[in-house]
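Coordinate inspection notes
Below, each chain spelled out in residue letters.
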Amino acid sequence: MVLVMRAFEEETHHLPVLLKETLTALAPQAGGRYLDGTLGLGGHCAAIAATASDSEICALDRDAQALAIAKDRLSAVGERVHFFQYRYSRFAEALAQLQWDRVDGALLDIGVSSLQIDNAARGFSFYGNGPLDMRMDRDSGAPSAWHWVNRESYARLKQCIATLGEDPQAGRIARFIVEARQKSPIETTEELAALVEAAYPHAWRVKARHHPATRTFQALRMAVNNELEELKMFLDQIFTYLSPGGRLVVITFHSLEDRFVKQAARHWAEGCRCPRHIPVCVCDHQPEARILYKKPVRAGHAEVAANPRASSAKLRAVEKLAGAGHL
Ligand SMILES: C[S@@+](CC[C@H](N)C(=O)[O-])C[C@H]1O[C@@H](n2cnc3c(N)ncnc32)[C@H](O)[C@@H]1O
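Residues numbered from 1 in each chain as written. Predicted model: local features only at pLDDT ≥ 70, side-chain atom pairs only at ≥ 80, totals over all residues.

1. Regarding the overall build of the protein chain
Of the regular secondary structure elements, the protein chain holds 15 helices and seven strands. For 327 residues, the compact-globule estimate of 2.2 N^0.38 gives 20 Å, and the C-alpha radius of gyration of the protein chain, at 21 Å, lies within 12% of that figure. Overall, the protein chain is about 60 × 60 × 40 Å in size when its C-alpha atoms are taken along their principal axes. A burial count over the protein chain gives 44% of its 327 residues as buried. Long-range contacts, defined as pairs at least 24 residues apart, comprise 67% of the intrachain contacts of the protein chain with a sequence gap of at least 6. (Helix = DSSP H or I, 4+ residues; strand = E, 2+ residues; numbered from the N terminus. Rg over C-alpha atoms; globule rule 2.2 N^0.38 Å. Buried ≥ 20, exposed ≤ 12 C-beta atoms within 10 Å, placed from the backbone. Contact = placed C-beta atoms within 7 Å.)

Structural data, given as structure tokens:
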């Protein structure tokens, strides 16, 4: 496995986040069936295939470019990986096509890939100038970041930057955007980044640890790609598709996403569901899952030094208990 992954990393310059921890949590078994909802460049998928001989993986990504590269890079594992250009909220349709009614484990590694963020033409980053796009699936015809920046109301922009970007300057940033676009449309990532920087009060700009536009870009990307709704829809469905003993592993990079995963895990793992005011349990509900780690697993110093993006990654995992309901 180590050799396969080293070759993969050398070829792709791609470091899958929390790789060892993901394999420990997912514990893929020989001959098992797995779902990778965020294939990206295929790093985690390659490791699952290499760890679990004869396993099969249903691999999804909404980004056609990522999928094409991953397909090429995973050619060594041949027909064991089944590729779909699907959003992970639609995983059940992919499983139905494979005639799988359940999986032995599922993985999400949510967020953007280096392929997306490093390509200025995709508009995800303000390092390098590009159009305001940010769609992971450009062929979907969904509104791009340009639409958000140039067409959405002040109130919607402020709310987006405040909730998804968690930026205390959301109101000022939204106001600067709305005032600027009245003169002419905001077309590029550099224009937007400069505007956000100008909106930041001087004292805040001086003490900021990251570029002032970091949170605004994150918020717009999450809004454009409907990222929170995708995760909610996935969590609403996945548990019934897990085999008893099967594990769900989710890596998030945003506090709201981590909260959704934590809440879903608690819901599956809870016993009694009686209202608090009832002194003795009458529901007889039994826990359906076991939470593998009390606190989310984080990257160690060495990984963060090699891959700074890993610093905000949080991994949570649950195991479905034998006897819990399934399809
Ligand atoms: C962080 S990367 C995954 C990296 C991957 N685990 C690896 O080792 O190469 C996230 C990927 O998930 C994809 N993605 C994000 N949201 C998605 C969604 N809702 N449905 C399907 N793919 C999604 C992105 O296009 C991106 O390629």
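2. Observations concerning the site of the ligand
Around the ligand lies a shell of 21 residues, among which Pro-16, Thr-38, Gly-40, Gly-43 and Asp-63 are the nearest. In terms of residue class, the shell around the ligand is made up of six nonpolar, nine polar and six charged. (Near = placed C-beta within 6 Å. Nonpolar A, V, L, I, M, F, W, Y, C, P; charged D, E, K, R; others polar.)

3. Brief notes about the domain arrangement of the protein chain
The domains assigned to the protein chain are domain 1 (2-115 + 227-320) and domain 2 (137-224). On a C-alpha basis, the centres of domain 1 and domain 2 stand 30 Å from each other. Each side of the interface is counted separately: domain 1 has six residues, and domain 2 has four residues. In terms of residue class, the side of domain 1 that touches domain 2 is built from three nonpolar, no polar and three charged. (Domains from an automatic or database assignment.)

4. Comments concerning the sheet that holds strand β5 (residues 242-252)
One open sheet holds the seven strands; their spatial order is β3-β2-β1-β4-β5-β7-β6, and the pairing between them is mixed. Edge positions in the sheet fall to β3 (81-84) and β6 (289-291), since each of these pairs with one other strand and no more. Neighbouring strand axes in the sheet, compared pairwise and without regard to direction, differ in orientation by 15 degrees on average. Summarising the sheet, β5 and strand β7 (residues 314-320) pair through six bridges and their orientation is antiparallel. For Thr-252, the partnering residue across the bridge sits in β7 and is Lys-314. (Pairing = 2+ DSSP bridges. Axes fitted to C-alpha atoms, helices over the stretch in contact; angles between N-to-C directions.)

5. Examining the pairing of strand β2 (residues 56-60)
The buried fraction of β2 amounts to five of the five residues, a majority that puts the element mostly inside the structure. Burial along β2 is two-sided: the face carrying Glu-56, Cys-58 and Leu-60 and the face carrying Ile-57 and Ala-59 are both buried. Relative to β2, strand β1 (residues 33-36) runs parallel, the two being bridged by four bridges. Pairing of Tyr-34 across the sheet is with Ile-57, part of β2. Strand direction decides the pairing type here: β2 and β3, joined by four bridges, are parallel. From the neighbouring strand, Ala-59 faces β3, where its bridge partner is Phe-83.

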